[in-house]
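Listed below, chain by chain, are the residues.
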Amino acid sequence: MRAPAAVLTLLALLPAPARAEENPGVSAAPILQMTPGARASGMGSAFTAVADDLSALHFNPAGLSNLDHRNVNFTYLKGFQDQSVEHIAAATPLPFAGVIGNGYTTLAAGLTLAQNGKIEVNRTNADGSFRDTRSLNAGGDLVASVGFSERALESTFEGKGRPVTLRHFIGVGAKYVRSTLAEQYSASAWGGDLGYQLRCPELGVSFGAAAQNFGTQMKFIEEGDPLPLTFRTGFAYFLPLDLLETPPSQSVLFSLDGDYLYYERTPHANIGVEYSAMRMYHLRLGYQIHRDVAGLTFGFGLAWRGLGVDYAWALNDALGDIHRFGLTWRFGKVSARTRERPSRPYIESMPESEDLDEIEKKTPELLDEPTKPRRRASDYDKGAPGWIY
């Protein structure tokens, strides 16, 4: 990208943007609104209720409890012109009961690095004549995040002659964001996420909700802008196409999401579908509604022996297409029995010291040892020699 020196100078001298409360539509760190995962992107980012892979760290931290393997994922995004984003994340189920004590605890961490390419600045002398051209980094972003989830509650009831289970999960996340601009300005902020997910395996439905990016402001010059506070909710339905196999060899996953950018006062809707065959091949399609820079999305994936490869493409008429490539490695499965292990019982109250004294003063009573009737030797025992035994 090329920009004259006057443009860069003007940007540097502009006063700080007004606060979001005074000027709706202003928020910082747009990198936080970018979908990192290729699978979720292929489904139109309708992933709040699905949230069953490492993308849950971005959409809904409560969904991390769905991971029964240790996971490592790397995603590369090729964006507008020379923009690029690299994202790496890892998660592991934890073999303890958690804070509430109902198990299914999971810990995850992620790191996102974004580069916005180069700009060439033409510098001039005092008399206005051309001096030289200097190449600068346009800017970049760094996002470091952690997430934790666990099962809050599980209940079972009878529905149409069969038991129906409701599993409630909650999750929290924390993140650190740092952005740079033209190698001269930088700003950082801390943020957090809260998430909830409800799953009903027998009916194949799930529901999710999350509040994201609440935290401190990012200040480049004088006044700061808040992080893009987002509220999202979603619904998903899993339809097995082969009822004779468990898990089914073919299935379709439908998802519907809605999100609301608080400071921008802008709602969005996302629709996604994923078809899976032989639990190895996946085809995805999605659409993002009421967005200026995104619309139709498409993707596919291949999973084999713990390795997964995913690709997603997003249509963008204004700024060009966006491509995402993802690589996932699953290993070290943690059994459901281990993850469901309840907390160890504890003593709610200790006996008073007077009660202990009374117990110590008591003399134990001896019980009469029961007498066993003598066994009468049979005629066979009398006649057999002892060495046989």
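For the structure, see preceding data.
A. View of the side chain of Ser-206. For Ser-206, the location among the structural elements is in strand E10 (residues 205-215). For Ser-206, a relative accessible area of 6% translates into the label buried. A polar atom in the side chain of Ser-206 sits 3.1 Å from the backbone oxygen of Ala-49. Those residues in contact with Ser-206, other than ones at most four positions away along the chain, are Ala-49, Leu-198, Arg-199, Gly-234, Phe-235 and Ala-236.

B. Layout of a nonpolar patch on the surface. On the surface, Phe-74, Ile-88, Leu-111, Leu-113, Met-278, Tyr-281, Leu-302, Val-309 and Leu-327 cluster together into a nonpolar patch covering about 800 Å² of accessible area. In this structure, Leu-113 sits in strand E4 (residues 105-115).

C. Looking closely at the packing of aromatic side chains. Under the definition given, this model contains 10 aromatic pairs. Between the aromatic rings of Phe-231 and Tyr-262, the centroid separation amounts to 6.4 Å while the plane-to-plane angle is 80°, which identifies the pairing as edge-to-face. Taken together, the positions of Phe-231 in strand E13 (residues 230-240) and Tyr-262 in the loop between strand E14 (250-261) and strand E15 (266-277) put the pair 31 residues apart, joining distant regions of the chain. A relative accessible area of 37% places Phe-231 in the partly exposed class. Taken together through their ring pairs, the aromatic side chains of Phe-298, Phe-300, Tyr-311 and Phe-325 make up a single cluster.

D. Expanded view of empty space enclosed by the protein. Within this structure, the stated rule accounts for one cavity of 30 Å³ or more. Put simply, the largest cavity is a space of about 240 Å³. Every element with two or more residues in the lining of the largest cavity is listed here: helix H3 (56-59), strand E2 (70-78), strand E3 (84-94) and strand E7 (139-159). Take the lining of the largest cavity: its biggest share by element is three residues, from E2.

Rules used in this analysis
Residues numbered from 1 in each chain as written. Predicted model: local features only at pLDDT ≥ 70, side-chain atom pairs only at ≥ 80, totals over all residues. Heavy atoms only, no water. Helix = DSSP H or I, 4+ residues; strand = E, 2+ residues; numbered from the N terminus. Buried < 20%, exposed > 50% of the residue type's maximum accessible area, 1.4 Å probe, protein only. Polar contact = N/O pair within 3.5 Å; in protein donor to acceptor, adjacent residues only side chain to side chain. Contact = heavy atoms within 4.5 Å. Patch = residues over 30% accessible without salt bridge, like charges linked within 9 Å, V, L, I, M, F, W, Y side chains within 5 Å. Areas by Shrake-Rupley, 256 points an atom, 1.4 Å probe, with all protein chains shown as cover. Salt bridge = Lys/Arg side-chain N within 4 Å of Asp/Glu carboxyl O. Phe/Tyr/Trp six-rings, centres within 6.5 Å; stacked < 30°, edge-to-face > 60°. 1 Å grid on protein atoms, 1.4 Å probe; cavity = no way out; pocket = protein on both sides within 12 Å on 5 of 7 lines; lining within 4 Å. Points joined across faces, edges and corners; volume = space filled by probe spheres on them.

So, to be careful, I would describe these as geometric facts and stop short of saying anything about function.
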